[in-house]
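An overview of the molecular structure
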Amino acid sequence: MAAETTEEWEEMTVMMELPDLDSRKQSESHIQILGLATEKPLIKINNQLFTAQLHNTLGSHLLLEVENNSDVKTQKTQKKVITNMMVTDKTFKLEPVYLEKKSDQKDVYGFGKKHQQSMGKSDSS
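Residues numbered from 1 in each chain as written. Predicted model: local features only at pLDDT ≥ 70, side-chain atom pairs only at ≥ 80, totals over all residues. Heavy atoms only, no water.

**Re the overall build of the protein chain**
A tally of helices and strands in the protein chain yields 1 helix and 5 strands. Traced from its N-terminal end to its C-terminal end, the protein chain shows the element sequence β-β-β-β-β-α. Burial analysis of the protein chain (125 residues in total) assigns 9% to the buried set. Across the protein chain, the fraction of contacts at a sequence separation of at least 24, relative to all contacts at a separation of at least 6, is 55%. Carbon and sulfur atoms make up 50% of the accessible area of the protein chain, which totals about 11500 Å². (Helix = DSSP H or I, 4+ residues; strand = E, 2+ residues; numbered from the N terminus. Buried < 20%, exposed > 50% of the residue type's maximum accessible area, 1.4 Å probe, protein only. Contact = heavy atoms within 4.5 Å. Areas by Shrake-Rupley, 256 points an atom, 1.4 Å probe, with all protein chains shown as cover.)

**Regarding the environment of Thr 38**
Along the polypeptide, Thr 38 turns up in the loop between strand E2 (31–34) and strand E3 (42–45). Look at Thr 38 and you get partly exposed, because its relative accessible area is 46%. Taking the C-alpha atoms as reference, Thr 38 lies 9.4 Å from Gln 53; in sequence the two are 15 residues apart. Looking at Thr 38, its side chain comes within polar contact range of the main-chain oxygen of Gly 35, at 2.5 Å. (Polar contact = N/O pair within 3.5 Å; in protein donor to acceptor, adjacent residues only side chain to side chain.)

**Focus on the sheet that holds strand E4 (residues 48–69)**
Two modes of strand pairing occur in sheets, parallel and antiparallel, and in both the strands are linked by backbone hydrogen bonds. If you trace the 5 strands from one edge of the open sheet to the other, you get E1-E5-E4-E3-E2, paired in mixed fashion. Both edges of this open sheet fall to strand E1 (15–17) and E2, since each of them pairs with a single strand only. The mean angle between the axes of side-by-side strands here comes to 30°, regardless of whether they run parallel or antiparallel. Taken together, the 3 bridges between E1 and strand E5 (residues 79–96) define a ladder with parallel strand orientation. Bridge pairing in E5 places Glu 17 opposite Lys 93. (Pairing = 2+ DSSP bridges. Axes fitted to C-alpha atoms, helices over the stretch in contact; angles between N-to-C directions.)

**Thoughts on a nonpolar patch on the surface**
Together, Leu 62, Leu 64, Val 66, Ile 82, Met 85 and Val 87 line one region of the surface with nonpolar side chains, adding up to about 590 Å² of accessible area. Going through the elements one at a time, E4 and E5 are the ones with two or more residues in the nonpolar patch. Mapped onto the fold, Ile 82 is located in strand E5. (Patch = residues over 30% accessible without salt bridge, like charges linked within 9 Å, V, L, I, M, F, W, Y side chains within 5 Å. Salt bridge = Lys/Arg side-chain N within 4 Å of Asp/Glu carboxyl O.)

**With respect to the nonpolar core**
Within soluble globular proteins, side chains that are nonpolar generally end up buried alongside one another. Within the largest apolar cluster, 6 residues are counted, these being Ile 43, Ile 45, Phe 50, Ala 52, Phe 92 and Leu 94. Elements that contribute at least two residues to this core include exactly E3, E4 and E5. Setting aside residues no more than four positions away along its own chain, Phe 92 makes contact with Val 14, Met 15, Met 16, Glu 17, Leu 36, Pro 41, Ala 52, Gln 53 and Leu 54. (Core = buried A, V, L, I, M, F, W, Y, C linked by side-chain atoms within 4.5 Å.)

**What to know about the environment of Gln 48**
Relative to the helices and strands, Gln 48 resides in strand E4. Separated by 48 residues in the primary sequence, Gln 48 and Pro 96 place their C-alpha atoms 7.6 Å from one another.

**A few points about unusual backbone geometry**
Of note, the phi angle at Asn 46 is positive, near 55°, even though the residue is not glycine. Looking at the element boundaries, Asn 46 is found in the loop between E3 and E4. According to the relative accessible area criterion, Asn 46 is buried, its value standing at 7%.

So, in structure tokens, the structure goes:
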């Protein structure tokens, strides 16, 4: 008999405070999250990299998903309909990540300048 493993999952709604993004519209933005269960996950929005930290808010955030509901046949004015509602007291605060070149100037394979020179490569390549 195989031993049963039980995993517990916790679902949490979190509001993310987005910084000013580049000139793209929010609907065109691409978001990637790495290490969501860690203390400081990495979040990539388009080509910008951020670290996030989870904070409790003093109050609650009410998040509404709103859709336009119009009747095409009668050409009536559009009405907005709330299709989903969530409440949260958790916020991700994002801080930008700035990448710096390492001081020992190793290439992507971990080799230093001496190895590059012995292989006949120069800094200009």
